[in-house]
Amino acid sequence: MGFALILPIFIVGAVSVATRGAYGGFDWGFDLTGYRQIMFNEGWTGEMEFTAQYLIIIFRTILLAAITTVLCLILAVPVAYWIASQPGHRKSILVFLVTLPFWMSMILRVYAWMIILGKGGPLPRFLGLFGAPEGMTLMYNDGATLAAMVYTYIPLMVLPVFASIEKLDGTLIEAAHDLYGNRWVTLRRVILPLTAPGIASGAILVFVPALGAVLEPILMGGGKQMMMGSLIQLQFGGGRNWPFGAAIAITLLTVVMLVLIAIAIRSARREMKQ
Amino acid sequence: MNRHHNVKRYPGLGLLSIAFFAYLYAPLLIVVLYSFNANRITSVWTEFSFKWYGSAMNNSALMAALKTSLIVAGIATVVATTIALLAALAIIRGKGVRFRKLSETVVNLPLLLPEIVLAVATLILFSLIGLQNGLLKLVIAHSAFCTPFAFLPIRARLQGMSLDLEEAGMDLYATRWTVFRRVTLPLIFPGLFSGAMLAFLISMDDFITSNLLSSGGTTTLPVYIFSLIRAGTSPELNAIATMLIIGSILLATIALSVAAHGQNNND
């Protein structure tokens, strides 16, 4: 069964070092062109020329995924705390309401943001009231991608954070106050450290799919604002360059693995301290 | 206790949370609202009309995509739920199962890796074995990534169930199969049902894998919607979106309430 775990990675890895097929696809062989292409462009005479475009995409992917995770966290903690403080019946309805959009089609949730930010949409028109130019669009930039990503992934952050806040022992908060900790100190020194496991799992649940986002950068970012996911999709979609697409996929996987390992080590350290 | 002196209360959270729920639902509401706009240009309101619903219903490409999605999701749901049930029974109930943790990780693998990586791996695998049939490719791929969504509620249900009733059944000379059919299956049914519903919704929703694997004649609904969006928004799209939103709300409500109901009964 362990084989099944590494099979997809193995397949993608093998193709990432294969050669490009004459008509799309790939031919078996060993060739690092796919990886080299991430940093170098081959000139007419075969000389290697450094190119930053794909490194920028990799950097943008990590940055946008990180910002998405932080924004989701900032929104999720207070909301989760408030939901946890509600009486039983209302609490389950609110949790249900957080879950519900997640079961709606992803492409439609992104599409809704295309309408909101697009030309003549509610937001540009609202900004028009304050002198924004007529017919402006807020689409096709990293901010638009970010808006759709935060929106589509936020339920994945609220739920685990809520679960760990709910388990929080309320007497500890009271104890903090008895020891003259104000609300801010209590939040920082008691509530947040105790909900760290929920925050960590929420961060993984948001960060990993955000790193692999495909729809948001394609639809919201337009052709030029790519992320790793949309770049992979592009290389495989038209059968354009499978080895290069696979090399990007392996790079993406490496980033994901590094993040998961870093979080695992952190939480292991925290447990050892306790 | 006077609410102002309740130290667990943080002022302003209620307002913030209400704003959060507005943020969560306003975009969907806007799509629904625009679907009733008679104007061809979505963003300019003229008058209330159902006409885009009519034209959506008469759109044969849309109906073909819906049919493909329903066939794929239907088969994938049955396959994924069956595999998930067997896996859950083996992992939770099986005696002397080695690598329990590893087995669970394998079942849950699609949840841990970005979907695009698995989609690409599937695409390469199918091209290696030379699988040409578009529908078959979709069914196999969907069955695979839907399995963990069916697995999680079933496992939760099995774990929360005490062995007493099954043992009582055995004591009354029921065979293993009879115990499974008359005791275990009815008890885990809520988990099974909501798992199947979630698998169905996940399959219906999938874009990334379907888009890479789809070929002419096997366009699924999200892939078709994607092509509509790329072609420039058609007002029909809002009507399609609204019908899908309502469908998802219904299915998710049923699935989640069956799961919640089952949990309460279990306590």
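See the structure above.
Treat the numbers as computed from the prediction; the structure is a model and nothing was measured.

## Quick look at the overall build of chain A
A tally of regular secondary structure across chain A gives 13 helices and four strands. Considering only C-alpha atoms, chain A reaches an extent of 75 × 55 × 30 Å along its principal axes. When burial is assessed residue by residue, chain A has 50% of its 274 residues classed as buried. Across chain A, contacts joining residues at least 24 apart in sequence account for 63% of those joining residues at least 6 apart.

## Considering the overall build of chain B
A tally of helices and strands in chain B yields 11 helices and zero strands. Expressed as a percentage of its 267 residues, the buried residues of chain B come to 49%. As displayed, chain B has an accessible area near 13200 Å², and 66% of this comes from carbon and sulfur atoms.

## Brief notes about the interface of chain A and chain B
Residue-level contacts link 71 residues of chain A with 64 residues of chain B. Sorting the residues of chain A by area buried against chain B places Trp103(A), Tyr111(A) and Arg183(A) first, and these three jointly supply 13% of that buried surface. Linking chain A with chain B are six residue pairs in polar contact (both at pLDDT 80 or more), by the criterion used here. Per-element accounting of the side of chain A that touches chain B gives the leading share, 10 residues, to helix H5 (residues 106-117) of chain A. When its residues are assigned to classes, the side of chain A that touches chain B shows 54 nonpolar, 12 polar and five charged.

## Concerning helix H13 (residues 242-273) of chain A
With 32 residues, H13(A) ought to run about 46 Å at 1.5 Å a step, and its terminal C-alpha atoms sit 46 Å apart, in line with that. For H13(A), the capping residue at the N-terminal end is Asn241(A), with a side-chain oxygen 3.4 Å from the backbone nitrogen of Phe244(A).

## Some thoughts on the packing of aromatic side chains
Evaluated as defined, the whole model comprises 13 aromatic pairs over all chains. Ring geometry for Tyr151(A) against Tyr23(B): centres 5.5 Å apart, planes inclined by 90°, an arrangement best described as edge-to-face. In this pair, Tyr151(A) is assigned in helix H7 (residues 142-166) and Tyr23(B) in helix H1 (residues 13-34), connecting two distinct chains. Here Tyr23(B) falls in the partly exposed class, since its relative accessible area comes to 23%. With a centroid separation of 4.6 Å and 45° between ring planes, the pair formed by Phe207(B) and Phe226(B) is classed as tilted. Within this pair, whereas Phe207(B) is found in the loop between helix H8 (176-205) and helix H9 (208-213), its partner Phe226(B) is found in helix H10 (residues 221-230), the two being separated by 19 residues in sequence. You can call Phe207(B) buried: its relative accessible area is 3%. Judged by its relative accessible area of 11%, Phe226(B) is buried. A network of ring pairs unites the aromatic residues Trp113(A), Tyr151(A), Phe20(B), Phe21(B) and Tyr23(B) as a single cluster.

## Quick look at the packing of H5(A) against H7(A)
Residues and elements named next belong to chain A. Two numbers describe how H5 lies on H7: the axes approach to 10 Å, and their chain directions differ by 140°. Accordingly, the angle class assigned to the pair H5 and H7 is oblique. For the element pair H5 and H7, the recorded crossing hand is right-handed. Contacts between H5 and H7 involve Met106, Arg109, Val110, Trp113 and Leu117 from the first element and Ala144, Ala147, Ala148, Tyr151, Thr152 and Tyr153 from the second. Per-class residue counts for the contact of H5 with H7 are nine nonpolar, one polar and one charged.

## Some remarks on the side chain of Thr220(B)
All names here are of chain B. Structurally, Thr220 is set in the loop between H9 and H10. We classify Thr220 as buried; its relative accessible area is 2%. Once you skip the residues sitting within four places of it in the chain, Thr220 turns out to touch Ala65, Thr68, Ser69, Leu138, Asp206 and Ser210.

## A word on a nonpolar patch on the surface
Residues and elements named next belong to chain A. On the surface, Phe59, Leu63, Ile67, Val70, Leu71 and Ile74 cluster together to form a nonpolar patch covering roughly 540 Å² of accessible area. Within the element layout of this structure, Leu71 appears in helix H3 (residues 53-84). What makes Leu71 partly exposed here is its relative accessible area of 35%.

## Points about the pattern of salt bridges
Two side chains bearing opposite charge may form a pair once their charged atoms approach each other closely. All names here are of chain A. In the structure shown here, the tally under the stated rule is two salt bridges over all chains. Two residues, Asp142 and Arg60, come together in a salt bridge whose shortest N-O distance is 3.1 Å. One end of the pair, Asp142, is in helix H7; the other, Arg60, is in helix H3, and 82 residues separate them in sequence. Residue classification places Asp142 among the partly exposed positions, given a relative accessible area of 25%. Between Glu166 and Lys91 there is a salt bridge, and its shortest N-O distance comes to 2.9 Å. A residue pair is termed long-range when its members are at least 10 positions apart, and Glu166 in helix H7 and Lys91 in helix H4 (residues 88-99) qualify at 75 residues. Glu166 gets classed as partly exposed once you look at its relative accessible area, which sits at 42%.

## Things to note about H10(B)
Residue and element names in this part refer to chain B. Here H10 lies mainly inside the structure; eight of its 10 residues are buried. Leu221, Pro222, Val223, Tyr224, Ile225, Phe226, Leu228 and Ile229 are the residues of H10 that are buried. Just downstream of H10, Gly232 is the residue with a positive phi angle, here 100°.

## Quick look at the side chain of Thr68(A)
Residue and element names in this part refer to chain A. Examined against the element boundaries, Thr68 turns out to sit in helix H3. Thr68 sits in the buried class, given a relative accessible area of 0%. At a separation of 2.6 Å, a polar atom in the side chain of Thr68 contacts the main-chain carbonyl oxygen of Leu64. When sequence neighbours within four positions are dropped, the list of residues in contact with Thr68 reads Leu146, Met149, Val150, Tyr153 and Val206.

## Focus: unusual backbone geometry
Residues and elements named next belong to chain A. A positive phi angle, close to 60°, is found at Tyr140, a residue other than glycine. By the element assignment, Tyr140 lies in the loop between helix H6 (122-128) and H7. For Tyr140, a relative accessible area of 48% corresponds to the partly exposed category.

## Let's talk about the nonpolar core
The biggest cluster of nonpolar side chains holds 154 residues, and the ones touching the most others in it are Ile107(A), Met220(A), Phe236(A) and Ile116(B). For Ile116(B), the contacting residues outside a window of four places in its chain are Gly212(A), Val214(A), Gly229(A), Ile232(A), Gln233(A), Leu252(A), Ile208(B) and Leu212(B).

## Here's the deal with the packing of helix H7 (residues 164-171) of chain B against H8(B)
All names here are of chain B. Their axes nearest at 10 Å, the elements H7 and H8 cross at an angle of 150°. Relative to H8, the element H7 lies roughly antiparallel. Crossing angle aside, the handedness with which H7 passes H8 is right-handed. Where H7 approaches H8, its residues Leu165, Glu166, Gly169 and Met170 are matched on the opposing element by Arg176, Val179, Val183, Thr184 and Leu187. Partitioned by chemical class, the residues of the contact of H7 with H8 number five nonpolar, two polar and two charged.

Calculation criteria
- Residues numbered from 1 in each chain as written.
- Chains lettered and ligands numbered in written order.
- Predicted model: local features only at pLDDT ≥ 70, side-chain atom pairs only at ≥ 80, totals over all residues.
- Heavy atoms only, no water.
- Helix = DSSP H or I, 4+ residues; strand = E, 2+ residues; numbered from the N terminus.
- Buried < 20%, exposed > 50% of the residue type's maximum accessible area, 1.4 Å probe, protein only.
- Contact = heavy atoms within 4.5 Å.
- Areas by Shrake-Rupley, 256 points an atom, 1.4 Å probe, with all protein chains shown as cover.
- Buried area = accessible area lost by both parts, 1.4 Å probe.
- Polar contact = N/O pair within 3.5 Å; in protein donor to acceptor, adjacent residues only side chain to side chain.
- Nonpolar A, V, L, I, M, F, W, Y, C, P; charged D, E, K, R; others polar.
- Expected span 1.5 Å × (residues − 1).
- Phe/Tyr/Trp six-rings, centres within 6.5 Å; stacked < 30°, edge-to-face > 60°.
- Axes fitted to C-alpha atoms, helices over the stretch in contact; angles between N-to-C directions.
- Parallel < 35°, antiparallel > 145°, perpendicular 65-115°, else oblique.
- Left-handed = near helix turned anticlockwise from the far one by under 90°.
- Patch = residues over 30% accessible without salt bridge, like charges linked within 9 Å, V, L, I, M, F, W, Y side chains within 5 Å.
- Salt bridge = Lys/Arg side-chain N within 4 Å of Asp/Glu carboxyl O.
- Core = buried A, V, L, I, M, F, W, Y, C linked by side-chain atoms within 4.5 Å.

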